[in-house]
Structure formats: structure tokens, C-alpha cells
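Working through the structure, step by step
Chain residues, written in single-letter form:
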Amino acid sequence: MSGRKYDYSNELAQDVPQSENEERKAEARIQRLEKRSTALTDEFRDLKPEIGRTYNLLQKLVSQTGAFTTTMLNLHDLLKTDLPIRFSEEDKKMLQDELSSIARKAAGEIRKNEKRVSVPQAVFSCMVILLVLLSVFFALVIFANLKLLRSDMLTELVILYSILIVLTLAVAYIFYRHK
């Protein structure tokens, strides 16, 4: 234990035990302190690489921040010399109002999108396949009924519903394109 940073043996050597009981207590205390010192040393040894990595990352961040600040100051100076624009109070207020309205619109869009329920791509694909299969089944049932029954009324209903479906799809496409 000698030579270690957390060695408390010198402090304990000053306490001279008076009896056997106190001597055992002192030995137990020495052992406890040695265990604690060893545990602290081990923990520090385990943390040393992390501290080094953190230090290196912090140094890198500081250097990048300094370079960024220098670049921004140079850009600001260039803009001041090349574009000497002066804003009046009215222009500043108008710009702030415009930015506020854009922020309000964006916040509204975000709130509107929060209420949406997202569907994973696999579930959406399954739903589309299921819809196509059900449509094919419905078409087959209609075709079988037309062939087996040969009813003029049934034929007229199928034609009417086909026209309504085509019109509905056309209106939906027009609204989709204009939005």
C-alpha cells in the first residue's frame, strides 16, 4: 500500500492501541481503509480512458467552436462592408411580424401532424393488397352472377356502379391535384 495516493496507514500509525480490543479495531479499520483505497484506485483506473476521451472530444469541440466563431465574425464583417443595409424600425417590425407568422404556421402544421396516426409501410402494403384482392373477388362475383343469371337489371346496376366509381375516382384525383 505504500506509495499509493489513498494510503491512510500513516494516520493510523499515530494511534497507539491501548488494549487488544482496540488493536483489533485498529486492524479492522486499516483493512477497511485499504479496501476503500484499492476500490477507489480501481474505479479511477477504469474511468481514466473515459476521462481522456472526454477531454479529447472537449478539446475538439472547443477548437471547432473557435473556428466557427471566427468564420461567422469574418462573414459578418464581409456582409457589413459589401451589403451596407440599414433597417428602419418599421422594417424590423415588419420582418419580425413575418417571421412570427411563419412560426405560427409551422406550429399549426406541427400540431395538425401530431394528431395523425402513422401506419408502418408493411401494414399499408398489406391493406392495399387486401383491397385489391377484395375488389377482384367482388368483380368475379359480379361476373359470375351476370353469366349465370343473365339479368338485364343486374347488368344495368353493374354499369351504373362502374360509372359512379369512375366519377368518384376522377373527382378525388382533381381535388388531389389542386391541393
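Residues numbered from 1 in each chain as written. Predicted model: local features only at pLDDT ≥ 70, side-chain atom pairs only at ≥ 80, totals over all residues. Heavy atoms only, no water.

1. As for the overall build of the protein chain
So the rule is basically this: Think of it this way: any DSSP run of H or I at least four residues long counts as a helix, any run of E at least two long counts as a strand, and we number them from the N terminus. Relative accessible area decides the class of each residue, using a 1.4 Å probe on protein chains only: under 20% of the type maximum gives buried, over 50% gives exposed, and in between gives partly exposed. Note that accessible areas follow from Shrake-Rupley with a 1.4 Å probe, and for residues the cover is restricted to the protein chains shown.
Within the protein chain, the regular secondary structure consists of five helices and zero strands. In sequence order, the secondary structure elements of the protein chain are arranged as α-α-α-α-α. With 179 residues in all, the protein chain has 3% of them scored as buried. In the form shown here, the protein chain has an accessible surface area of approximately 16,900 Å², with 64% of it arising from carbon and sulfur atoms.

2. Looking at the layout of surface pockets
What counts here: As defined here, a cavity is a set of points on a 1 Å grid over the protein atoms alone where a 1.4 Å probe fits but cannot get out. A pocket is an open set with protein on both sides within 12 Å along at least five of seven lines, and residues line them when an atom is within 4 Å of a point. Grid points are joined across faces, edges and corners, and a volume is the space filled by probe spheres set on the points. Asp, Glu, Lys and Arg are counted as charged, while Ala, Val, Leu, Ile, Met, Phe, Trp, Tyr, Cys and Pro are counted as nonpolar; the rest, among them Gly, fall into the polar class.
Size it by volume and the largest pocket reaches roughly 170 Å³. Around the largest pocket, the lining residues are Phe138, Ile142, Leu154, Leu157, Val158, Tyr161, Ser162 and Ile165. Of all the secondary structure elements, the ones that give two or more residues to the lining of the largest pocket are α4 (121-149) and α5 (152-178). Class assignment of the residues belonging to the lining of the largest pocket gives a composition of seven nonpolar, one polar and no charged.

3. Regarding the packing of α4 against α5
The test is simple: Helix axes are fitted only over the stretch in contact, all axes being lines through C-alpha atoms; the angle between N-to-C directions runs from 0 to 180 degrees. Roughly parallel means an angle under 35 degrees; roughly antiparallel, over 145; roughly perpendicular, 65 to 115; everything else is oblique. Crossing handedness is read from the near helix: turned anticlockwise from the far helix by less than a right angle, it gives a left-handed crossing, and turned clockwise, a right-handed one. Only heavy atoms enter the contact rule, under which two residues are in contact if any of them lie within 4.5 Å.
Closest axis-to-axis distance for the α4/α5 pair is 9 Å, and the angle between their directions is 155°. Of the possible angle classes, the one that applies to α4 and α5 is roughly antiparallel. Here the hand of the crossing between α4 and α5 comes out left-handed. On α5, the residues touching Ile142, Asn145, Leu146 and Leu149 of α4 are Leu154, Thr155 and Val158.

4. So, the pattern of salt bridges
Going by this rule: What makes a salt bridge here is a side-chain nitrogen of Lys or Arg within 4 Å of a carboxyl oxygen of Asp or Glu, nothing more.
Counting across every chain of the model gives three salt bridges. We note a salt bridge from Glu50 to Arg53, for which the minimum N-O separation is 2.4 Å. Taken together, the residues span about one helical turn, with Glu50 and Arg53 both in helix α2 (residues 20-82) at a distance of three residues. Since its relative accessible area comes to 46%, Arg53 is described here as partly exposed. A salt bridge links Lys93 to Asp97, with the nearest nitrogen and oxygen atoms 3.6 Å apart. Remark: Asp97 and Lys93 occur in helix α3 (residues 89-114); sequence separation between them is four residues, near one turn of the helix. According to the relative accessible area criterion, Asp97 is partly exposed, its value standing at 41%.

5. With respect to a nonpolar patch on the surface
What counts is decided by this rule: Nonpolar side chains (Val, Leu, Ile, Met, Phe, Trp, Tyr) are joined into patches within 5 Å and like charges within 9 Å, using only residues with over 30% relative accessible area and no salt bridge.
The grouping of Val119, Val123, Phe124, Met127, Val128, Val132, Val136 and Leu140 at the surface amounts to a nonpolar patch, some 700 Å² of accessible area in total. Turning to its location among the elements, Val123 is positioned in helix α4. You can call Val123 partly exposed: its relative accessible area is 39%.

6. Let's talk about the confidence of the model for the protein chain
What counts is decided by this rule: The predictor rates its confidence in each residue with pLDDT, a number between 0 and 100.
Summing up the model confidence of the protein chain, the mean pLDDT is 80 and the portion of residues at 70 or higher is 87%. Element-level mean pLDDT values for the protein chain span from 55 in helix α1 (residues 9-14) up to 86 in α5.

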